[in-house]
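The primary structure of each chain is shown beneath.
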Amino acid sequence: MPSDLYRLAKDAEADLVRFLRDIVAIPSLSGDEERVIHRIERQMKKLEFDEVRVDAMGNLIGRVGTGPRSVALDAHVDTVDAKDQHWDTEPYDPIVKDGFVFGRGTSDMKGGMTSSVYAAALLKKAGLLPEDLSLYVTATVLEEDCDGLCWQYIVNEDGLRPDVVVITEPTSLRIYRGQRGRMEIEIATTGVSCHGSAPARGVNAIYLMADIIEDVERLYQKLKPHE
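The structure displayed is predicted, hence computed values, not measured ones.

Participant: Which residues make up the overall build of the protein chain, and what values do they have?
Facilitator: Scanning the protein chain from N- to C-terminus turns up five helices and seven strands. Listed N to C, the secondary structure of the protein chain is α-α-β-β-β-β-β-α-β-α-β-α in terms of helices and strands. The C-alpha radius of gyration computed for the protein chain amounts to 23 Å, which surpasses the reference 17 Å derived for 227 residues by more than 25%, pointing to a less compact arrangement than a globule. For the C-alpha atoms alone, the extent of the protein chain along its principal axes is close to 85 × 45 × 35 Å.

Okay, structure coming up:
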């Protein structure tokens, strides 16, 4: 027999698809997410989230439940541009075909955003949210250009540090634990200017950088995958 939650989800399916199409139709390149954030904000309020707020960076934070434990479902709402790409459909005029929604950002990652908003709302409506849990849904900004900056702000400035974060990046419906990580390093080499007729009197900063570039290339070969 279908569960109550399943029946609620099927009842909400048409509204969920309309909401997804709404937010896909709003272009939201990095740094231009305000319109889509406010559209998601309105949906959270319509679905009776217990708290909905937009922080000073522009991230949207919704919450259901008031328990001491906390879980966050996260999706960034900015997308890369649709220019210079081959599209069989209009990227900002989403269509439904064969059970799929097609449009810019449906996979990366407005579909995850939509699913999270409705998951939280339906858990509350079905009375299945544990009493000791606060479930957050975060719609974050600037991920495509400044990956990680949004959550740095949420943790340091908003003071939200969930016990668990589920990132709804597309994974072909497989669960991934952790990620490879990333490091950004800025390196400067300094030379000494000289006349072109007497290069021995100077120091070529490009030559100094060349050794570093070779070291970076060799480093990649040492970074083997591991569990």
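Participant: Break down the pairing of strand E1 (residues 51-54) for me, with residues and values.
Facilitator: The side chains of a regular strand alternate between the sheet's two faces. Looking at chain direction, E1 and strand E2 (residues 60-64) are connected through four bridges and run antiparallel. From the neighbouring strand, Arg53 faces E2, where its bridge partner is Ile61. Taking the residues between adjacent antiparallel strands as the criterion, E1 and E2 are bridged by five residues, where Gly58 takes a positive phi near 110 degrees.

Participant: Describe the layout of surface pockets, listing the residues and the values that go with them.
Facilitator: The volume enclosed by the largest pocket comes to roughly 1,800 Å³. Lining the largest pocket are 42 residues, with Met109, Ile167, Thr168, Glu169 and Pro170 positioned closest to its centre. Of all the secondary-structure elements, those providing two or more residues to the lining of the largest pocket are helix H1 (4-24), strand E3 (69-76), strand E5 (100-102), helix H3 (106-125), helix H4 (149-158) and strand E7 (164-167). At seven residues, H3 tops the list of elements feeding residues into the lining of the largest pocket. The residue inventory of the lining of the largest pocket, partitioned by class, reads 17 nonpolar, 17 polar and eight charged. One number sums up the size of the second largest pocket: a volume of about 850 Å³. Lining the second largest pocket we find 18 residues, and of these Gln179, Arg180, Gly181, Leu223 and His226 sit closest to its centre.

Participant: I'd like a rundown of the sheet that holds E2, residues and numbers included.
Facilitator: With mixed pairing, the five strands of this open sheet are ordered in space as E1-E2-E6-E3-E7. The open sheet has two edge strands, E1 and E7, and neither has a second partner. Across the sheet, the mean angle separating the axes of adjacent strands is 20 degrees when strand polarity is ignored. Two elements, E3 and strand E6 (residues 133-140), share eight bridges in a ladder whose sense is parallel. The residue of E6 that forms the bridge with Ser70 is Ser134. Relative to E6, H4 is tilted by about 130 degrees, and along the sheet it contacts E1, E2, E3, E6 and E7.

The rules behind the values
Residues numbered from 1 in each chain as written. Predicted model: local features only at pLDDT ≥ 70, side-chain atom pairs only at ≥ 80, totals over all residues. Heavy atoms only, no water. Helix = DSSP H or I, 4+ residues; strand = E, 2+ residues; numbered from the N terminus. Rg over C-alpha atoms; globule rule 2.2 N^0.38 Å. Pairing = 2+ DSSP bridges. 1 Å grid on protein atoms, 1.4 Å probe; cavity = no way out; pocket = protein on both sides within 12 Å on 5 of 7 lines; lining within 4 Å. Points joined across faces, edges and corners; volume = space filled by probe spheres on them. Nonpolar A, V, L, I, M, F, W, Y, C, P; charged D, E, K, R; others polar. Axes fitted to C-alpha atoms, helices over the stretch in contact; angles between N-to-C directions. Contact = heavy atoms within 4.5 Å.

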